[in-house]
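Next come the chains, spelled out residue by residue.
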Amino acid sequence: MNVFSGMIAHDYEQVIFCQDRTSGLKAVIAIHDTTLGPALGGTRMWNYETEEAAVEDVLRLSRGMTYKNAAAGLNLGGGKAVIIGDARTDKNPEMFRAFGRYIQGLNGRYITAEDVGTTVEDMDIIHQETDYVTGISQAFGASGNPSPVTAYGVYVGMKAAAKAGLGTESLSGKTIAVQGVGNVAYHLCKHLHEEGAQLIVTDIHQPSVKRAVDEFGARAVDPTEILQVDCDILAPCALGGVLNEDTLPMIKAKVIAGAANNQLNTNEDGERLQQMGIAYAPDYVINAGGVMNVADELNGYNRERAFKKVETIFDNVSRVFEIAKTEQIATYRAADRMAEERIERMRYSGGKFLQNGYHILSKR
Ligand SMILES: NC(=O)c1ccc[n+]([C@@H]2O[C@H](COP(=O)([O-])OP(=O)(O)OC[C@H]3O[C@@H](n4cnc5c(N)ncnc54)[C@H](O)[C@@H]3O)[C@@H](O)[C@H]2O)c1
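Residues numbered from 1 in each chain as written. Predicted model: local features only at pLDDT ≥ 70, side-chain atom pairs only at ≥ 80, totals over all residues. Heavy atoms only, no water.

With that settled, consider helix α13 (residues 331-349). For α13, built from 19 residues, the straight-helix expectation of 27 Å at 1.5 Å per residue is met to within 8% by its first-to-last C-alpha distance of 27 Å. Those residues of α13 lying buried are T331, Y332, A334, A335, M338, A339, R342 and I343. Looking at the buried residues of α13, the elements they touch are β2 (25-33), α2 (51-71), α8 (267-276), β12 (279-280), α9 (283-286) and α12 (313-327). (Helix = DSSP H or I, 4+ residues; strand = E, 2+ residues; numbered from the N terminus. Expected span 1.5 Å × (residues − 1). Buried < 20%, exposed > 50% of the residue type's maximum accessible area, 1.4 Å probe, protein only. Contact = heavy atoms within 4.5 Å.)

This is the structure:
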């Protein structure tokens, strides 16, 4: 694999390879773009089949964080890290200590967080070596479980999507189908129930379904049926890739707004949704509550302030629909455009002269 051509293709700033023989650490950190601020993104631990697969993944994920953070209105750039190994068998404290020292060496250019395969405990070990880590234990003043915050963001984002797709932001009396009632969707269903929505839910884990039925009067359906039920809004809150060429023809909802990452299988599916007249709230805009929540740790965490920030997801989703309408493009592209515009504006204003220690005036 030619790493530089991959970097040049989407203008990545920096890729760092980190190894520590004794602990077995093999990690790659990718910093995609720091125009808006330090690069924030989690560390994924995964048993990649090849080193090329790890590099490709970290490049793809770090660029995704540039867009997610920019669209969320955060003053943060995009970065991500991957550790190559089995998260169940290959971890040891020295590995995360060594990794933490590499992060410290970047002097704030990259701030890490939890991701697939890493835990709060791992972040606490990293924290022994660096302050450039979020998602550590609450005992250290961190933000704790992000799911209720993410859920609130999906709720307000869904209202904005309903306004675009159904002509009203009120969800009272609307029928909402929720795929997967795990951590995020449980809290989402609570908000929806309180507003008077009718819920249809499914999950492969029966106790989660029962909880939603008992607490919110939801109607349970089989996982194979959820995408085709009669409803106003579909909320994918389980898996990625659920919106694809096989499932789209079944969907009866006029609005799609949910927490799951990577809901579109391909960009063509985003185009199809536009042709079908379905108002799709792009996943990374509507589910940004989690990243907004950890980003607040950088100011000394305040839950009330984090929730206030999360309310801006209503405006962010509304803006995506506005761009899509004026430019006649699919909403997934409108989201990317919104993020790119914000970065470009900052690149311009950030180019203005500011006196610091590294220019001709400082030599006087
Ligand atoms: N937790 C957060 O703060 C956060 C932030 C951003 C995005 N997300 C995304 O939101 C989604 C949900 O996150 P979560 O933290 O609630 O995860 P979770 O694991 O608690 O919930 C997912 C639920 O989906 C169910 N499920 C899995 N496969 C299914 C299937 N085929 N049909 C029906 N149900 C199925 C699981 O049993 C589980 O209950 C994920 O895609 C996640 O990446 C979460």
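Attention now moves to the domain arrangement of the chain. Each assigned domain of the chain is listed here: domain 1 (3-66 + 78-137) and domain 2 (147-342). Between the C-alpha centres of domain 1 and domain 2 the distance comes to 28 Å. Between domain 1 and domain 2, the contact holds seven residues from the first and six residues from the second. When the two sides are added together, the surface that domain 1 and domain 2 hide from each other amounts to roughly 600 Å², 71% of it contributed by carbon and sulfur. At the junction of domain 1 with domain 2, the criterion picks out zero salt bridges. Linking domain 1 with domain 2 are one residue pair in polar contact (both at pLDDT 80 or more), by the criterion used here. Grouping the amino acids of the side of domain 1 that touches domain 2 by side-chain chemistry returns five nonpolar, two polar and no charged. (Domains from an automatic or database assignment. Buried area = accessible area lost by both parts, 1.4 Å probe. Salt bridge = Lys/Arg side-chain N within 4 Å of Asp/Glu carboxyl O. Polar contact = N/O pair within 3.5 Å; in protein donor to acceptor, adjacent residues only side chain to side chain. Nonpolar A, V, L, I, M, F, W, Y, C, P; charged D, E, K, R; others polar.)

Residues in close proximity to the ligand total 18 residues, the closest being T150, N183, V184, D203 and N261. A238 places a polar main-chain atom, nitrogen or oxygen, 3.2 Å from an oxygen atom of the ligand. At 2.8 Å from an oxygen atom of the ligand is found a side-chain nitrogen or oxygen belonging to N261. With the chains in place, 74% of the 830 Å² that the ligand exposes on its own is no longer accessible. Breaking the shell around the ligand down by element, the ones donating at least two residues are α5 (147-166) and α6 (183-195). Residues of the shell around the ligand, tallied by class, amount to nine nonpolar, eight polar and one charged. (Near = heavy atom within 4 Å. Areas by Shrake-Rupley, 256 points an atom, 1.4 Å probe, with all protein chains shown as cover.)

Turning to the sheet that holds strand β11 (residues 255-256), a few remarks are in order. Read from one edge to the other, the open sheet built from six strands follows the order β9-β8-β7-β10-β11-β12, with strand pairing classed as parallel. Looking at which strands have only one partner, the edges of the open sheet turn out to be β9 (219-220) and β12. (Pairing = 2+ DSSP bridges.)

A few words now on the pattern of salt bridges. By the definition in use, this model includes 21 salt bridges. Residue K159 pairs with E195 through a salt bridge whose shortest N-O separation is 2.9 Å. Of the two residues, K159 sits in helix α5 while E195 sits in helix α6, which places them 36 residues apart along the sequence. When sorted by exposure, K159 lands in the same class as E195, which is buried. K163 serves as the salt-bridge partner of E169, at 4.0 Å between the closest nitrogen and oxygen.

Looking at the chain as a whole, its pLDDT mean stands at 96, while 100% of the residues score no less than 70. Model confidence for the complex: the whole-complex pTM is 0.94, and ipTM, which rates the interface, is 0.99. (pLDDT = per-residue confidence, 0-100.)

The next point concerns unusual backbone geometry. Even without being glycine, N107 reaches a positive phi, approximately 55°. With respect to the element layout, N107 can be found in the loop between α3 (93-105) and β6 (110-111). Positive phi is not limited to glycine here, since N262 has a value of about 50°. With respect to the helices, strands and loops of the structure, N262 is situated in the loop between β11 and α8.

Within α6 the residues assigned to the buried category are V184, A185, Y186, L188, C189, L192 and E195. Looking at the buried side of α6, the elements it contacts are α5, β7 (175-179), β8 (198-202), α7 (206-216) and β10 (233-236).

Turning our attention to the UniProt feature "active site" (unreviewed entry) in the chain. The UniProt record annotates "active site" (unreviewed entry) at K80. The residue K80 is located in strand β5 (residues 77-84) in this model. Residues contacting K80, with those up to four places away along its chain left out, are V28, I29, A30, G41, G42, V58, L61, S62, M65, Y110 and D115. (UniProt positions renumbered as here; feature names shortened; annotations may be inferred.)

Inspection of the secondary structure puts D296 in helix α10 (residues 289-296). Within the local environment of D296, its side chain forms a polar contact with the side chain of R305, the two groups lying 2.7 Å apart. Other than its neighbours up to four places away in sequence, D296 contacts Y301, N302, R305 and A306.

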